[in-house]
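Structure assessment
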Amino acid sequence: MKLLIILYIFLLFQNNFPQQSELSKTVNYISSYIASEHFVNLRNDVGDVSAADSIFIQATKFTNGNISDALLALMLATVPYREVPIQIPFLNTIVNYPLTAADETTFLKKNDNLPRFLFLDSPQNDYGDKDKLAHFFGSAFLSYESHIFDLGKLIGYFVEAFEESFKVQSSVDIRDLDVNDYGRLFGNLLQENKDLLPSQIFLIRSIRFLRVTI
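A quick note: this is a predicted structure, and the numbers were derived from the prediction, not measured.

This part is about helix α6 (residues 104-113). Taken together, the buried positions of α6 are occupied by Thr-106, Phe-107, Lys-110, Asn-111 and Asn-113. In an axial view of α6, the angular spread of the buried residues amounts to 165°, which keeps them on one side of the axis. For α6, the N-terminal capping position is held by Asp-103, with its side-chain oxygen 3.3 Å away from the main-chain nitrogen of Thr-105.

This is the structure:
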């Protein structure tokens, strides 16, 4: 039931997007950028944190500076899944709702290239924190769009819910929820400072991690 409520809220945002074709174009553009050799070389040269900044910069340029459109597309482009399962009430039937995504080849290459070492405590393995950008940008989008109610936390539960449904993880990841909070901070601060970059918020989280561990 929690998954249904969260998805309905998400789809409400998606259906209210001015032009679905423009959203698809932006998602395709971001996905193609992440899948490109240029992006791979950039990650190798400047690291994953700066590469994440470049994704945000490219998205805002493509949307002509429309932060809201960019953040929504960034969330969809960085989610490493093509579909989300929706459980139909009373029928115990699961329908896979397709998310806006690039073609299969680009989608898989994009997933391979997603930045994974974003924080000092990022797991040092092949997966790392690949899923954290979706949490971060999704929470930022809802916080940026929220003028009356603070809906930023809901996107985190949305991502958590379908990750659990896909059996990516068996329980809620506290680090995911933590990153959601920093995404909300990013969205709130963007309302006042459009030049803010994700890396500046990542740095705040890493400094906090250092203080806790020292």
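More follows now that the structure is in view.
Moving on to the packing of helix α3 (residues 37-46) against helix α4 (residues 48-62). Across the interface, α3 lies against α4 with an axial gap of 7 Å and an inter-helix angle of 140°. It follows that α3 is oblique to α4 by the angle criterion. In this structure, α3 uses Phe-39, Leu-42, Arg-43 and Val-46 to contact α4, whose residues at the interface are Asp-48, Ser-50, Ala-51, Ser-54 and Ile-55. Its residues placed into classes, the contact of α3 with α4 shows 5 nonpolar, 2 polar and 2 charged.

Helical periodicity: at 3.6 residues per turn, an α-helix aligns residues three or four positions apart in one direction. Given a rise of 1.5 Å per residue, 12 residues ought to cover 16 Å, and the 16 Å separating the end C-alpha atoms of helix α5 (residues 67-78) matches this to within 8%. In terms of burial, α5 is a largely internal element, 11 of the 12 residues being buried. The complete set of buried residues in α5 reads Ile-67, Ser-68, Ala-70, Leu-71, Leu-72, Ala-73, Leu-74, Met-75, Leu-76, Ala-77 and Thr-78. N-cap assignment for α5: the residue whose side-chain oxygen lies 3.3 Å from the backbone N of Ser-68 is Asn-66.

A few words on the pattern of salt bridges. If you walk through the whole model with that rule in mind, you get 10 salt bridges. The residue Glu-22 makes a salt bridge to Lys-25 at a minimum N-O spacing of 3.4 Å. Of this pair, Glu-22 and Lys-25 both sit in helix α2 (residues 20-35), 3 residues apart, which is roughly one turn of that helix. Accessibility expressed as a relative area gives 46% for Lys-25, which makes it partly exposed. For Arg-175, the salt bridge goes to Asp-121, with nearest N and O atoms at 3.0 Å. Of this pair, Arg-175 sits in helix α9 (residues 174-190) while Asp-121 sits in the loop between α6 and α7 (132-145), placing them 54 residues apart in sequence. Per residue, the accessibility class of Arg-175 equals that of Asp-121, and both read buried. If you follow the salt bridges from partner to partner, you end up with Asp-121, Asp-129, Asp-131, Lys-132, Arg-175, Asp-176, Asp-178 and Arg-205 in one network.

Cut-offs and rules
Residues numbered from 1 in each chain as written. Predicted model: local features only at pLDDT ≥ 70, side-chain atom pairs only at ≥ 80, totals over all residues. Heavy atoms only, no water. Buried < 20%, exposed > 50% of the residue type's maximum accessible area, 1.4 Å probe, protein only. Helix = DSSP H or I, 4+ residues; strand = E, 2+ residues; numbered from the N terminus. Arc of directions from axis to C-beta. Polar contact = N/O pair within 3.5 Å; in protein donor to acceptor, adjacent residues only side chain to side chain. Axes fitted to C-alpha atoms, helices over the stretch in contact; angles between N-to-C directions. Parallel < 35°, antiparallel > 145°, perpendicular 65-115°, else oblique. Contact = heavy atoms within 4.5 Å. Nonpolar A, V, L, I, M, F, W, Y, C, P; charged D, E, K, R; others polar. Expected span 1.5 Å × (residues − 1). Salt bridge = Lys/Arg side-chain N within 4 Å of Asp/Glu carboxyl O.

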